[in-house]
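Take a look at the letters that make up each chain.
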Amino acid sequence: MLELTDTQREIVGTVRDFVEKTVIPVADDMEHKDEYPEAIVEQMKEMGLFGLNIPEEYGGIGESLTTYALCVVELARGWMSLSGVLNTHFMANYLIGKFGTEEQRQKHLPKMATGEIRCALAMSEPEAGSDVQAIRTKAVKDGDDYVVNGQKMWLTNGLRSGIVMTLVKTDTETDPPYKGMSLLIIEKTPGEPKPSPGLDVGKNIEKMGYKGVETTEMTFDDYRCPQTQLLGTEEGKGFGQVLDGMELGRVNVAARAVGVSTRAFEEAIKYSQERKAFGKPICQHQAIQMHLADMATKLEAARLLMLQASTKKDAGERSDLEAGMAKLFASEACHDITLAALRVHGGYGYSKEFTVERLYRDAPFLLIGEGTSEIQKQVIARRLLEKYKI
Ligand SMILES: Cc1cc2nc3c(=O)[nH]c(=O)nc-3n(C[C@H](O)[C@H](O)[C@H](O)COP(=O)(O)OP(=O)(O)OC[C@H]3O[C@@H](n4cnc5c(N)ncnc54)[C@H](O)[C@@H]3O)c2cc1C
């Protein structure tokens, strides 16, 4: 079992208290209204959460992926959308920190650490999600700039972000296509639907769950981006950089799943002791006990897989297999656990008066984001065949 350091215990405890006092009392209502949690995000800034993993020399706290994952569990236990506000920001600061030039780090990380600038990640397009190499957005050199054309889709934090890490093709002729892909650090004015000539954020996409946090499109029409905004110094590295970042993204999704599942389990085990049917609390019926046992076992397994992936990555080891397994198992478990929680609540589980209704609608996104379960299985199988090659 993982022994937390005193600092980790303190940080995670602070986030837990914050979620209990500030998030849980308002989350259901804000989610139903699809309201952006402005005041809560301000408090997250003050707590230093946007700089949790940014090195201290750039104004952050310099904590590990494991600490981050444990904080995400707590936030998602309160409201999953809060972890959505953090995740693309976290991936962006990881990418700039690992692959950016010193100048790029100095320019962006301090403002990202305070949350003054928050970030989005634009990889998916209307016609390319799982098949990342099929993206069409291209950036062509012209003088000191790239001229960018194309359309991105599903940008979490698309509107309020000040930086959008955008995957483009800087060379459309390469075979395989991934060798012609690069990441651009696109800067824009947060909250502006049309921040610069040729850049259009598009409207918020309405979703079944995961509300509050915005999800937008983004269109580039001869948008000019200075070449100094290429991540790193070399074109053609974008695909590898994004895949590296996705290992973290997958741990994040696993952590959200653990958070949502924890809450669903807590709600179900409490309700099962309060609700009576056939003269006794429903928890005394064996069928309900089966649900509770399955939920708790899956939750515990998901948590352990998440920690295995995060601690391996923190140790600097390759962890794509572990991150894939954690993401796959935890998101599928979350889907099962939230459905079981709804079943335990009977008809009330279907009512907006009860939190499990929201948890049940939040869970399916986890089966899709950072790679669908089907794609995750391919990643896992490919790695297993490499590892066990005869
Ligand atoms: C709420 C929300 C927020 C998001 N946020 C972001 C974001 O911030 N940034 C970003 O870049 N993207 C984001 N995404 C996009 C997300 O990453 C994609 O939706 C996801 O990768 C799946 O791509 P797709 O929707 O195009 O589905 P498709 O790729 O079209 O897949 C459709 C179905 O086919 C299956 N499939 C596809 N290929 C294969 C295959 N080879 N073998 C077997 N099955 C296959 C898939 O598993 C799926 O079941 C977000 C999506 C949502 C819903």
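Below, the structure is looked at part by part.

Rules and cut-offs
- Residues numbered from 1 in each chain as written.
- Predicted model: local features only at pLDDT ≥ 70, side-chain atom pairs only at ≥ 80, totals over all residues.
- Helix = DSSP H or I, 4+ residues; strand = E, 2+ residues; numbered from the N terminus.
- Rg over C-alpha atoms; globule rule 2.2 N^0.38 Å.
- Buried ≥ 20, exposed ≤ 12 C-beta atoms within 10 Å, placed from the backbone.
- Contact = placed C-beta atoms within 7 Å.
- Expected span 1.5 Å × (residues − 1).
- Axes fitted to C-alpha atoms, helices over the stretch in contact; angles between N-to-C directions.
- Left-handed = near helix turned anticlockwise from the far one by under 90°.
- Nonpolar A, V, L, I, M, F, W, Y, C, P; charged D, E, K, R; others polar.
- Bend = angle between axes of the 7 residues up to and from the residue.

What to know about the overall build of the protein chain
Within the protein chain one finds 10 helices and nine strands. Computed over C-alpha atoms, the radius of gyration of the protein chain comes to 21 Å, within 12% of the 21 Å expected from 2.2 N^0.38 for 390 residues, which places it in the range of a compact globule. Considering only C-alpha atoms, the protein chain reaches an extent of 80 × 55 × 40 Å along its principal axes. Relative to its full complement of 390 residues, the protein chain shows a buried share of 51%. Residue pairs in contact within the protein chain that sit at least 24 positions apart in sequence constitute 74% of those at least 6 positions apart.

Some points on helix 9 (residues 355–366)
With 12 residues, helix 9 extends 18 Å from end C-alpha to end C-alpha; this agrees with the ideal 16 Å at 1.5 Å per step. The element helix 9 is largely enclosed, with a buried count of 10 among its 12 residues. Looking only at helix 9, the buried set comprises Thr-355, Val-356, Glu-357, Arg-358, Leu-359, Tyr-360, Asp-362, Ala-363, Phe-365 and Leu-366. Those residues of helix 9 that are buried lie in contact with helix 1 (6–32), helix 4 (80–99), helix 6 (238–274) and helix 8 (320–344).

With respect to the packing of helix 8 against helix 10 (residues 373–387)
Any two packed helices are characterised by how steeply their axes cross, that is the angle between the axes, and by the distance between the axes. In the contact formed by helix 8 and helix 10, the axes pass within 9 Å of each other and the chain directions differ by 145 degrees. As helix 8 packs across helix 10, the resulting crossing turns out to be left-handed. In this structure, helix 8 contributes Asp-320, Leu-321, Gly-324, Met-325, Lys-327, Leu-328, Ser-331 and Glu-332 to the contact, and helix 10 contributes Ser-373, Gln-376, Lys-377, Val-379, Ile-380 and Arg-383. A per-class count over the contact of helix 8 with helix 10 returns five nonpolar, four polar and five charged.

Concerning helix 5 (residues 102–114)
One full turn of an α-helix is made of 3.6 residues, so residues set three or four places apart face in the same direction. With 13 residues, helix 5 ought to run about 18 Å at 1.5 Å a step, and its terminal C-alpha atoms sit 19 Å apart, in line with that. Along helix 5, the sharpest change in direction is near 35 degrees and occurs at His-108; proline Pro-110 comes one to four residues later. If you follow the buried residues of helix 5, they end up packed against helix 4, strand 1 (119–122), strand 4 (163–169) and strand 5 (181–187). Within two residues after helix 5, Gly-115 carries a phi angle of roughly 85 degrees, on the positive side.

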